[in-house]
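# Close look at the chain arrangement
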Amino acid sequence: MKTMLNALKDRRLELGAAADAAPQGNWRSARDADGVVWLVLDRPDKSVNVIDRAVLEELNAHLERLEAERPRAVVIRSGKSAGFAAGADIRQFTGASIEDMQRLLTEGHAVFDRLERLSSLTIAVIHGHCLGGGLELALACKRRIATADATLGFPEVMLGLHPGLGGTFRSIAVADPVEAMTMMLTGRSLPARKAKSIGLVDAVVEERHVAAAVRAAAAGQLAGAKADLKDRALSLRPARSFAASRMRKTAAEKAPKEHYPAPYALIDLWEAHGGDRKAMQAAEIDSFARLITSDTAQSLIRVFFLREAMKGQKQGKSAIRHVHVVGAGAMGGDIAAWAAKEGFDVTLADVANASIGKAVKAATKMLQATLKDPVKVRDALDRLVPDPQGHGVRHADIVIEAVPEKLELKRSIYAAIEPRLKEGALLATNTSAIPLDELVAGLRDPSRFVGLHFFNPVSRMQLVEIVSHAAIHAETRRRAIAFATELSRLPAAVASAPGFLVNRSLTPYIAEALILADEGIPKERIDHAAEAFGMPMGPIELIDQVGIDVALDVVDGLRPVMHGFPQAPEWLRQKRADGKLGRKSGEGLYRYDSEGKPAKQSLDALPDSAPNDPDIADRLILPMLNAVVACLREGVVEEEDIADGAMIFGTGFAPFRGGPIHYARRRGIAEIVARMEALAERHGERFKPDAGWSDLEAR
Amino acid sequence: MARAVYLVDGARTPFLKARGKPGPFTPVDLAVQCGRPLLMRQSFDKDAIDLVILGCVNVIADEMNPARVALLRLGIPERIPAFTVQINCGSGMQSIDTAFRTIEGGHADIVLAGGTDALSHSPLVLRRGAVDWFARLNGARSTADRLKALTGLRPDFLKPMLGLERGLTDPITELNMGQTAEILAHLFDISREAADAYAAASHDRLDRATKEGWLKDEMLPAFSRDGEVFERDDGVRPGSSVESLGKLKPVFEKPYGKVTAGNASQITDGASWVILASEEAVERHGMTPLARIVDSHWGALDPSIMGLGPVLASAPILKRQAMSVADVGLWELNEAFAAQVLACLAALADETICRDVLDLEGLGGVIRHEDLNVDGGAISLGHPVGTSGNRITLHLANAMRRLGRKRGIATECIGGGQGGAMLLEAA
């Protein structure tokens, strides 16, 4: 039987007169007895709305009709339960020339300008997600009513863009200009109440009061935005210049201009034209068209599609509801907490109650930071059940083992768990080091065993490597991939080989950094070279971050596939022996302050005599690319795109470079091979290009 | 023919002494802490539960009908009803009794019945005079009226009272619960030494039971948000003696009283659940019952001697079942106060009382100390008011099984002049 609430779900959205109107293309429209026209965006066969050319052309036709009909009011809202609209269709943005883009944008602007000029009172009713192009549509209306669950934002900056359908000048006209700029610069969405407080929407109501709120607005009882003193001041150039210079400074701390031009373009746009809407509109079109054809935007759009491709590997549902995690250490606790956050029933087992307690504490912190709402935090913590006795095993649809990397320990745990698993349950390991073919030995049914390699911290690292082995059943793999996406993580299917894809590729990067350090090159200089390339963290700091003990285990464990690399240096082992393990112990290769920030010397402060090597970046990055290529050749990972996505979402590989293989292709494979050969001559065999490069060239 | 009803399983949190500020768990938090692992170890799914009943006396404002809040937070399906019961100190047993009668009558097959209270969360309440003053201030329309109302402020209005203090005072007789124990000590001639000796044994018994692992399945660890793990009752003081307890001053009737903090129950946070099931449910889900619930009774008497409630509640059961005191192999008699427990024993052994008051001629007798509260009680582990009745019933079932006793009675006195009792039989 259905629950009552489920049975009533479809009655929720207030669609006014359009509730029963037949769809015409992407829209449904009808006029009610009070002369209010409801125009509902409801793209057929889609679960979310996006703004594309067809949507705009059809809207234009409706506007033409409404100009003649002159209804009292026009309500624009979405017929999708997910939200108003997720933005513009990015697919139309790839491969277009500057001129094409300018024409496309000018046409779009004409439609929104027409909407804005309509003599009727236009009211956007916004629920759920209202992003990018969707928000720009809403901003072209005279009033905006948001429901309490709405989130509004301009995520364009994440794609190397800024708003391009009028968002730049319409948002600053209705909302506090500095807040609106901040919103566009950060890409962060605002919840409805915050959007109201900055003037982006005029009212926030519950869904059940939408009809009444629309009636009130149509009767002239809902005031629109009014510019206040500060807004007026910012229409003057000197005030804007002052604010703009502060914005540039903040932007520079987050994203360097040479890699991420969009925020700077937006600040320039506003500084120059913030007081002149017409000029700003023309400049927005021009700037957007130039940005979208830039390498950065095209790479970031590629990353967007990589994410979609990784999610798209999901076929069907995992049929997993209850997750049992064995081992409440940092990883196990993190996985359990994340699964609880994502709505799964979770049991967390450990031999030590104190470890479970620590995990609950860490979970509380993560959930408070991510969910914010105390009720949601409480519910997620209620779903995370400490289970010292391991009763959860019998109920679990998947058991994830996350105990220390000891073969015998893991095997003994499987031996205890497997007989108690319910029919159809999966058994997974979070190992990053032990080959799965060794772990399956002794299992009664190895076909349901799979590797689920999460990255630390799970709340921020989106990748999960789905690790296969010889005896895995295809259904196990399918369900594991589906489960990862249901956890809002991105799966990458890999074969069981040392280090899988991500650790194997990251290890040469770390190992080469140690060699550079051995050559006397200051660690700050090494890290800076990697960060200038676009890595989120230099390799030396990364070693401290993962812990010198863990890093040494990984580097030592991967010796068989690290051709030509020397052993890790003795001084690093000494650090481990001395307990200087990195960030977690307050000192490793760097010293850390109480907030966990490393004490780094500024590059300018380094003595002129400090050794340097103009090849640092290539010496760090190319062996990493070489390892990815080897993984592709060996079939550790099958598709280039998945390899690129995995490296971006698992290591933070410079997103604006589109992934290691994409970067290699753009730089030129022949050039990279030649470069590696030159480095091999100078530094030895570890730079020898993998045989896979020629396959890559042929593809 | 009434259906057989079984007590199948149960669990409680460790009992946590109130330490002058709100503890880490609210009443429902506590119920969730022990309810989750209890349900996790069952052979049936949560949607096989027909009803949830929870006893709770000090309901906090954020958790009205804590039974329903607990049900939803435990992930029990929303279609299943839940209600909260309150008969003061008997609330946790009243939930079991209501579950028992509901299953017996064929209206449910599996019922989750519990008790919870977080006495450390009892609110501070405004004095009546202060409340009236606020009302006058709010009602004042003009500035003059407002000023006039303001002048009525008295300094003691700002001194809130502990809600718990009022809760432990009988409103009919204006006697504090501790004073009712003083009355019983006087009427039954219970000495300070006897009370202290009883209290010391309670601590030793609980300490031994914990160390022997006898509470392993009954008391499950609780995990707070700040990472603390609570694995044991934290009010236990093993090694207490008549000498050490003798040094404590009386708290309720100074300076001559006999009731001290050492021979009274502790003020504590804790929750307890039991699962009751019909015979059909036991068979269907392959459960292993701990005990069968045979009978229950609620008795009452003058509030000033409320501590004798167990006598008034147990006697009718003995009579109905044609049993004598000696036929009951094991007793859990809630330790509100040591003097009160000893007074109950004296009353049941008193021929005159048995004949004239209890209609129990020839069935009375002495409850041996080795058959009574064998693993400690509220003096050593605390008395979260709405929880204790549930805990003693659960513990009786577990202890009967461990000691191989055939029949047992769990009973408690109830502030306001009542008593509740349940008769269990080995399953």
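Residues numbered from 1 in each chain as written. Chains lettered and ligands numbered in written order. Predicted model: local features only at pLDDT ≥ 70, side-chain atom pairs only at ≥ 80, totals over all residues.

## Quick look at the overall build of chain B
- Secondary structure assignment for chain B yields 15 helices and 14 strands.
- Over its C-alpha atoms, taken along the principal directions, chain B stretches across nearly 75 × 55 × 40 Å.
- By the burial criterion, 55% of the 427 residues in chain B qualify as buried.
- Relative to all contacts within chain B whose residues are 6 or more apart in sequence, the contacts with residues 24 or more apart total 81%. (Helix = DSSP H or I, 4+ residues; strand = E, 2+ residues; numbered from the N terminus. Buried ≥ 20, exposed ≤ 12 C-beta atoms within 10 Å, placed from the backbone. Contact = placed C-beta atoms within 7 Å.)

## Concerning the overall build of chain A
- Scanning chain A from terminus to terminus reveals 30 helices and 18 strands.
- Compactness check: chain A gives a C-alpha radius of gyration of 28 Å against a globular reference of 27 Å for 699 residues, within 12% of the reference.
- Counting across all 699 residues of chain A, residues that qualify as buried make up 52%.
- In chain A, 71% of the contacts between residues at least 6 apart in sequence involve partners at least 24 apart. (Rg over C-alpha atoms; globule rule 2.2 N^0.38 Å.)

## Regarding the pairing of strand β2 (residues 36-41) of chain A
Residues and elements named next belong to chain A.
- For β2, the tally of buried residues reaches six of six residues, placing the bulk of the element in the interior.
- Of the two faces of β2, the one carrying Val36, Trp38 and Val40 and the one carrying Val37, Leu39 and Leu41 are both buried.
- Count of turn residues in the strand β1 (residues 27-31)/β2 antiparallel hairpin: four residues, of which Gly35 carries a positive phi of about 80 degrees.
- Two strands pair when backbone bridges link them, and β2 and strand β3 (residues 73-78) are joined in this way by six bridges, in the parallel orientation. (Pairing = 2+ DSSP bridges.)

## Details of the nonpolar core
- Judged by nonpolar contacts, the single largest core of 357 residues is most densely connected at Ile126, Val399, Ile466 and Ala492 of chain A together with Val52, Leu276 and Ala339 of chain B.
- With twelve residues, helix α26 (residues 616-634) of chain A is the largest single contributor of residues to this core. (Core = buried A, V, L, I, M, F, W, Y, C linked by C-beta atoms within 7 Å.)

## Quick look at the pairing of strand β5 (residues 110-118) of chain B
Residue and element names in this part refer to chain B.
- Across the nine residues of β5, nine count as buried, placing the element largely inside the fold.
- Burial of the side chains of β5 extends over both faces: Ile110, Leu112, Gly114, Thr116 and Ala118 are buried on one face and Val111, Ala113, Gly115 and Asp117 on the other.
- Across five bridges, the pairing between strand β3 (residues 51-55) and β5 is parallel. Looking across to β5, one finds that Ile53 is bridged to Ala113.
- Taken together, the nine bridges between β5 and strand β10 (residues 268-278) define a ladder with antiparallel strand orientation. Note that in β10 the partner of Val111 across the bridge is Leu276.

## Focus on the sheet that holds β1 of chain A
All names here are of chain A.
- Across the sheet, six strands lie side by side as β1-β2-β3-β5-β7-β10; this open sheet has mixed pairing. The open sheet terminates on both sides in strands that have one partner only, identified here as β1 and β10 (203-205). In this sheet, adjacent strand axes meet at a mean angle of 20 degrees when their direction is disregarded.
- In this structure, strand β5 (residues 121-126) lies alongside strand β7 (residues 143-147), joined through four bridges in parallel fashion. Bridge assignment links Ala124 to a residue of β7, and that residue is Arg144. (Axes fitted to C-alpha atoms, helices over the stretch in contact; angles between N-to-C directions.)

## Let's talk about the interface of chain B and chain A
- Each side of the interface is counted separately: chain B has 17 residues, and chain A has 20 residues.
- Residue contributions to the side of chain B that touches chain A peak at four residues, all from helix α1 (residues 27-40) of chain B.
- By residue class, the composition of the side of chain B that touches chain A is six nonpolar, two polar and nine charged. (Nonpolar A, V, L, I, M, F, W, Y, C, P; charged D, E, K, R; others polar.)

## Some points on helix α5 (residues 167-174) of chain A
Residues and elements named next belong to chain A.
- Among the eight residues in α5, seven count as buried, and that is most of the element.
- Regarding α5, the residues found buried are Gly167, Thr168, Phe169, Arg170, Ser171, Ile172 and Val174.
- Against the buried residues of α5 lie α4 (133-139), α6 (177-186), α11 (262-273) and α12 (277-292).

## Quick look at the domain arrangement of chain A
- According to the domain assignment, chain A contains domain 1 (12-293), domain 2 (322-494) and domain 3 (502-636 + 668-698).
- Each of domain 1 of chain A and domain 3 of chain A has a C-alpha centre, and these two points are 45 Å apart. (Domains from an automatic or database assignment.)

## Let's talk about the confidence of the model for chain B
- Confidence in the prediction for chain B averages 95 pLDDT; 99% of positions are at 70 or higher.
- Across the assembled chains, the prediction reports ipTM 0.92 with pTM 0.92. (pLDDT = per-residue confidence, 0-100.)

## Thoughts on unusual backbone geometry
- In this chain, Asn456 of chain A is followed by Pro457 of chain A through a cis amide linkage whose omega measures -5 degrees.
- Following the sequence through the fold, Pro457 of chain A ends up in the loop between β16 (449-454) and β17 (463-467).
- Here Lys254 of chain B and Pro255 of chain B are connected by a cis peptide whose omega angle stands at 0 degrees.
- As for its position among the elements, Pro255 of chain B is in the loop between α9 (242-246) and β10.
- The residue Lys372 of chain A is not glycine, and still its phi comes out positive at about 65 degrees.
- Among the structural elements, Lys372 of chain A can be located in the loop between α15 (353-371) and α16 (374-383).

## Quick notes on the packing of helix α21 (residues 502-518) of chain A against helix α24 (residues 548-557) of chain A
Residues and elements named next belong to chain A.
- Viewed as axis vectors pointing N to C, α21 and α24 meet at an angle of 105 degrees, and their least axial separation amounts to 10 Å. Taken together, the axes of α21 and α24 are roughly perpendicular relative to one another. Here Asn503, Thr507, Ile510 and Ala511 of α21 come into contact with α24, specifically with Ala551, Val554 and Val555.
- Considering only residue class, the contact of α21 with α24 consists of five nonpolar, two polar and no charged. (Parallel < 35°, antiparallel > 145°, perpendicular 65-115°, else oblique.)

## What about the packing of helix α28 (residues 660-667) of chain A against helix α29 (residues 669-683) of chain A?
All names here are of chain A.
- At their nearest, the axes of α28 and α29 sit 5 Å apart, and the two run at 95 degrees to each other. Regarding the angle of α28 to α29, the classification is roughly perpendicular. Residues Ala664, Arg665 and Arg667 of α28 form the contact with α29, whose own contacting residues are Ile669, Glu671 and Ile672.

## Topic: the environment of Asp47 of chain B
- Position of Asp47 of chain B relative to the elements: it lies in the loop between α1 and β3.
- Between the C-alpha atoms of Asp47 of chain B and Lys406 of chain B, which are 359 residues apart in sequence, the distance is 33 Å.

## Some words on α21 of chain A
Residue and element names in this part refer to chain A.
- End to end, α21 covers 25 Å across 17 residues, agreeing with the expected 24 Å (1.5 Å per residue, within 8%).
- With 15 of 17 residues buried, α21 is to be regarded as a mostly interior element.
- Following α21 by one or two positions, Gly520 adopts a phi angle in the positive range, close to 95 degrees. (Expected span 1.5 Å × (residues − 1).)

## Thoughts on the sheet that holds β16 of chain A
All names here are of chain A.
- Taken together, the eight strands give an open sheet; going across it, the order is β13-β12-β11-β14-β15-β16-β17-β18, and neighbouring strands pair in mixed fashion. In this open sheet, the two strands that pair with only one neighbour each are β13 (384-386) and β18 (490-494). Taking each pair of neighbouring strands and ignoring which way they run, the sheet shows an average axis angle of 25 degrees.
- Two elements, β16 and β17, share four bridges in a ladder whose sense is antiparallel. Residue pairing across strands places His453 opposite Glu465, the latter belonging to β17.
- Packed onto the sheet, helix α27 (residues 640-651) meets β17 and β18 and runs at close to 125 degrees relative to β18.

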